[in-house]
Amino acid sequence: MEKILINDLLQFTKKEIDNCRLKLNVFNGNADPLEEYKKHPDKINIDWFLWHKERRYFKEGQIAICLLYLYDDKWLLTTIKRITKELDVVDDIGFEAEEIPVFKKYYGRLVLKYHNTERGMGRKYSSMMEKLEVIEILSTTYDGDEFPGYENIRLSFTQLETIIKNKRSGWIDALRNQKAVYLITDISNGKMYVGSATAQFGMLLKRWSNYIADGHGGNVELKKIVSTEGLDYVRKYFQYSVLENYNARMDDNYILKREKWWKDTLCTKKYGYNKN
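Computed from a predicted structure; not experimentally measured.

Colleague: What should I look at first to understand the nonpolar core in this one?
Modeller: Counting 30 residues, the largest nonpolar core has W208, F238 and Y240 as its most contacted members. Only α6 (157–165), α7 (169–176), β11 (179–186), β12 (192–197), α8 (203–214), α9 (220–229), α10 (231–237) and β13 (238–246) provide two or more residues apiece to this core. For this core, the element with the most residues is α8, which contributes five residues. Discounting chain neighbours no more than four positions away, the residues touching F238 are L155, S156, F157, I184, T185, D186, L222, I225, Y233 and Y273. L24, W75, L110 and M129 belong to the second largest nonpolar core, which has 25 residues in total.

Rendered as structure tokens:
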């Protein structure tokens, strides 16, 4: 089957192709742009995309395409802008630019395939257009990975915060009516906390929303962590997963028994953050 390439959709003219550049946004050693995009798309479409450091990726008048790395050679088109002005700055946003409205329907929806073997983030569109294969157009704007199943949940604080604050429908629906025994892991020292989500305390979505609100969800030992180390410590080191999940009909007492079993099994009262 013949491949569909990026310019089959964008249909730039020869003149536009010669005046067009791409920027590939990938993990820079400090931050993951995909996580930034899930929280605030403009953080990528402006701050990352138009940032100027030692070299300039664009010139005034050029068409600039922003691609964001997803996974497994997949890239997301997040915006296309025309550079309207170069700013005389270093280590800051180096350009003024305006989005090109005709391509807006593809922003956050067009997924491309490209195996990146070259160094550097800036590329000529003319050298890339035959390598960027269209593999999917999402039905809605990308806002994060689909719900992976309860057995595959492993979320950082910021990932969980993004899911809850952005009300990502697949995740919210999955957590809202679910009872569970869950695990919080402090990845800085390996200490764990086992908790349960039951009808009495608002199911899994409510329990985890409480942790996002204050970092401790009312738990005694976790309160001490927030009090002594601060919420930033929790944001940086806490990870959330599900040990067992149950539908809303499961008796709460059974879930509490399973919570105790996991506490005893993982020794979280002796070596972790469970007080009782």
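What follows picks up the thread again.
Colleague: How do you make sense of the packing of α6 against α8 when you look at a structure like this?
Modeller: When two helices pack together, their arrangement is captured by the angle between the axes and the distance separating the axes. Where α6 meets α8, the closest approach of the two axes is 10 Å, and the angle between their N-to-C directions is 120°. Overall, the two elements α6 and α8 adopt an arrangement that is oblique. When you trace α6 past α8, the crossing you get is left-handed. Contacts between α6 and α8 involve F157, L160, E161 and I164 on the former and, on the latter, L205, W208, S209, Y211 and I212.

Colleague: Help me understand helix α4 (residues 41–48) in this model?
Modeller: Three- or four-residue spacings in an α-helix give side chains the same orientation, since the helix completes a turn every 3.6 residues. Along α4, the residues classified as buried are I44, N45 and W48. For α4, the angular spread of buried residues about the axis comes to 120°, placing them on one side. Those residues of α4 that are buried lie in contact with β1 (20–25), α3 (33–39), β2 (51–52), β3 (63–71) and β4 (74–86).

What counts, and at which threshold
- Residues numbered from 1 in each chain as written.
- Predicted model: local features only at pLDDT ≥ 70, side-chain atom pairs only at ≥ 80, totals over all residues.
- Heavy atoms only, no water.
- Core = buried A, V, L, I, M, F, W, Y, C linked by side-chain atoms within 4.5 Å.
- Buried < 20%, exposed > 50% of the residue type's maximum accessible area, 1.4 Å probe, protein only.
- Helix = DSSP H or I, 4+ residues; strand = E, 2+ residues; numbered from the N terminus.
- Contact = heavy atoms within 4.5 Å.
- Axes fitted to C-alpha atoms, helices over the stretch in contact; angles between N-to-C directions.
- Parallel < 35°, antiparallel > 145°, perpendicular 65-115°, else oblique.
- Left-handed = near helix turned anticlockwise from the far one by under 90°.
- Arc of directions from axis to C-beta.

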